[in-house]
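Chain by chain, the residues run as shown.
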Amino acid sequence: MTGNNLRLLIVDDEEAARYGMRRALGVLGCSVTEAGSAEEARALMSSQRFDLLLLDVNLPGLSGLDFLKELQDAKPSGNGDPPLVIIITAHGSERMAVEAVKGGAYDYISKPFEVDDLRLVVKNGFETIQLRRENRSLRRRIEIEAAQHGALLGNSPAMQRVRAMIEKVADTDATVLVRGESGTGKELVARELHDRSGARHGGPFVAVNCAALPSELIESELFGHEKGAFTGAAARRRGKFEQADSGTLFLDEIGDMSANVQAKLLRAIEERRIERLGGDESIPVDVRIVSATHRALEEEIASGNFRADLFYRLRVVSIDIAPLRERREDIPSLAEAFARQVAERHNLPERPIARAALRAMMEHDWPGNVRELRNAIERAAIMSEGDELDAIDLLEAVPANFDEGADLPVDGQLLVPFTSDFRDDRREFERRYIARCLEQTRGNVTRAAAMLGMHRQSLQHKLRELGLGRRYVSVGAGVQENADT
């Protein structure tokens, strides 16, 4: 493994020793920075990310061992793992180095050392860092699948195109604009792009919702600020660009960003450098930008609300996610996956989804898309008392289908009057729905049960409960009496 995209900080008070180490480690391809003291290293680390430190024990001022303890006691910054520390000690001081390893150092090397030995210990450190990143990426993938699994499920042509685009562009640094209605899974697409990338998948994934932040705060959120930059800025703060260094920065609802921040964002993307609010230091950043919006940005450009140059910079590659109503064939696999997930999350029995319920879901337009479907399945699974999730459970879970005070449309033809008593309306819906099924099967209970996704005995019990005997079915539903009823 080489040190590409990895950053090394040499902390040694001897300039000649730093020079020699820098020359020796240049062949590994890593970025090397030098510091002559622990205090200088601390200052550098406040504004830059380092993956590995070569730390001399004997330093002026704060010793290497005390600085190591300070690093170990520091709270995680949220920017991936803390740096590995390789202790440099004088010959004969190996016991001190062993204590340092027990205190959290990755390894040690004693002066004077051979160049090959130095390269080997640093190379081993780089390999450990890569393993850390791969493990973190695997954990993140498992967490994503457990918490958000579903938005990329389905074999509709629309979802096949999305997955093909992800596969094609994930392992590049191209900026990607993800478009789709709210609830379609734009952030999950961004995470898939990050997790499937090569050099960046072990780095941080940092998400910013541009619509959720006031315009006066988003600049500080993205670029950070120096102490005293504005009222309330009591300490230096690293922004999302710095936190996402070596990884992916996801800018959700980019269409809601103010014009002033749009200009600074464009500059940061093009120059790959940022400046904190209240500061004049130009800080290099290595991030991939993935943005998302539910807005038609071309219309926002025409109305003067969005910069055309930023739009073209963000939309090097565009991935469009179709709304759920345009890929209804994906609904069964999504619904079944959500039902299993909800049962596990809430420690509920895993209930199958009745065929009638699946048909009802296929007919619904799902204005909230995958998010609405997931929430409806969750509510239905929690509230249901039956052995399976039926159409009535889903009817209760998606009340937004229906206009209050109007007749209730069912199957395009059935109309159930809306009253103030949900239980009565639900009972009447069941009566009419089952009667219509019996009408279609000419009163054959066995065939109607199969249509409803119910056991024949369960349907017979439901018929008695709802008062749907021979007389009701033959007269009310317009079918002839059938011995099977």
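On a predicted model such as this, the values are computed, not experimentally measured, just so you know.

## A word on the overall build of the protein
Each helix and strand in the protein was counted, giving 20 helices and 14 strands. Considering the protein as a whole, with its 485 residues, one finds that 48% of them fall into the buried category. Taking all contacts inside the protein whose residues are at least 6 apart in sequence as the whole, residues at least 24 apart take part in 68%. For the protein, the computed accessible surface area is about 23,800 Å², with 48% contributed by carbon and sulfur atoms.

## What to know about unusual backbone geometry
Across the junction of K111 and P112, the peptide omega takes the value -10 degrees, indicating a cis bond. Tracing the backbone shows P112 in the loop between β5 (107–111) and α5 (115–148). In this model, E253 sits at a positive phi of 50 degrees, which is unusual for a non-glycine residue. Along the chain, the position of E253 falls in the loop between β8 (248–252) and α10 (259–271). For R272, which is not glycine, the phi torsion reads 55 degrees and is therefore positive. With respect to the secondary-structure elements, R272 resides in the loop between α10 and β9 (273–274).

## So, the packing of helix α8 (residues 215–223) against α10
Two numbers describe how α8 lies on α10: the axes approach to 10 Å, and their chain directions differ by 15 degrees. When the axis of α8 is compared with that of α10, the two are roughly parallel. Crossing hand, α8 versus α10: left-handed. Of the residues in α10, those touching α8 at S215, I218, E219, L222 and F223 are N260, V261, K264, L265 and A268. In terms of residue class, the contact of α8 with α10 is made up of 6 nonpolar, 2 polar and 2 charged.

## Quick look at the environment of E14
Assignment of secondary structure puts E14 in the loop between β1 (7–11) and α1 (15–25). E14 gets classed as partly exposed once you look at its relative accessible area, which sits at 44%.

## What to know about the pairing of strand β12 (residues 317–320)
Side chains V317 and I319 of β12 all project onto a buried face; the interleaved residues S318 and D320 project onto a face where none is buried. Relative to β12, strand β6 (residues 176–179) runs parallel, the two sharing 4 bridges. Bridge pairing in β12 places R179 opposite D320.

## Points about the sheet that holds strand β3 (residues 52–56)
Taken in spatial order, the 5 strands line up as β2-β1-β3-β4-β5 in an open sheet, and their pairing is parallel. A strand with exactly one partner marks an edge of an open sheet, and here the two such strands are β2 (31–35) and β5. Across this sheet, the average inter-strand angle for adjacent strands is 20 degrees, counted without regard to direction. Both β1 and β2 contribute to a ladder of 5 bridges, which runs parallel. Bridged to V11 within β2 is A35. Lying on the sheet, helix α4 (residues 94–102) is in contact with β4 (84–90) and β5; it crosses β5 at an angle near 160 degrees.

## A short note on the packing of aromatic side chains
One pass over the structure, following the stated rule, counts 3 aromatic pairs. Seen in terms of ring centroids, F223 and F241 are 5.5 Å apart; in terms of plane orientation they differ by 15 degrees. Their pairing is stacked. Here F223, found in helix α8, pairs with F241, found in helix α9 (residues 240–243); they are 18 residues apart in sequence, far enough to count as distant. An identical accessibility class is assigned to F223 and F241; each is buried. With a centroid separation of 5.2 Å and an interplanar angle of 65 degrees, the aromatic rings of F311 and Y312 are classed as edge-to-face. According to the relative accessible area criterion, Y312 is exposed, its value standing at 52%.

## A closer look at the nonpolar core
Formed by 28 residues in total, the largest nonpolar core has its most connected members in L222, F241, L251 and I254. With 5 residues, the single largest contributor to this core is α10. Contact partners of L251, with chain neighbours within four places excluded, come to V208, C210, L222, L265, I289, V290, S291 and A292.

## Here's the deal with the pattern of salt bridges
Under the defined criterion, the tally for this structure stands at 33 salt bridges. Across the pair R196 and E167 runs a salt bridge, and its minimum N-O distance is 3.3 Å. Placement of the pair is R196 in the loop between α7 (186–195) and β7 (205–209) and E167 in helix α6 (residues 157–169), with a sequence separation of 29 residues. R196 gets classed as partly exposed once you look at its relative accessible area, which sits at 40%. By relative accessible area, which is 55% here, E167 ends up exposed.

## Points about the sheet that holds β12
Strands pair in a sheet through their backbones, by hydrogen bonds, and they do so in one of two ways: parallel or antiparallel. Spatially, β7-β8-β11-β6-β12 is the arrangement adopted by the 5 strands of the open sheet, whose pairing is parallel. Two strands in the sheet have a free side with no partner beyond their single neighbour: β7 and β12. Direction aside, neighbouring strands of the sheet carry axes that sit 20 degrees apart on average. Pairing analysis gives 4 bridges linking β6 to strand β11 (residues 288–293), with the strands arranged parallel. Looking across to β11, one finds that V176 is bridged to V290.

Rules behind the numbers
- Residues numbered from 1 in each chain as written.
- Predicted model: local features only at pLDDT ≥ 70, side-chain atom pairs only at ≥ 80, totals over all residues.
- Heavy atoms only, no water.
- Helix = DSSP H or I, 4+ residues; strand = E, 2+ residues; numbered from the N terminus.
- Buried < 20%, exposed > 50% of the residue type's maximum accessible area, 1.4 Å probe, protein only.
- Contact = heavy atoms within 4.5 Å.
- Areas by Shrake-Rupley, 256 points an atom, 1.4 Å probe, with all protein chains shown as cover.
- Axes fitted to C-alpha atoms, helices over the stretch in contact; angles between N-to-C directions.
- Parallel < 35°, antiparallel > 145°, perpendicular 65-115°, else oblique.
- Left-handed = near helix turned anticlockwise from the far one by under 90°.
- Nonpolar A, V, L, I, M, F, W, Y, C, P; charged D, E, K, R; others polar.
- Pairing = 2+ DSSP bridges.
- Phe/Tyr/Trp six-rings, centres within 6.5 Å; stacked < 30°, edge-to-face > 60°.
- Core = buried A, V, L, I, M, F, W, Y, C linked by side-chain atoms within 4.5 Å.
- Salt bridge = Lys/Arg side-chain N within 4 Å of Asp/Glu carboxyl O.

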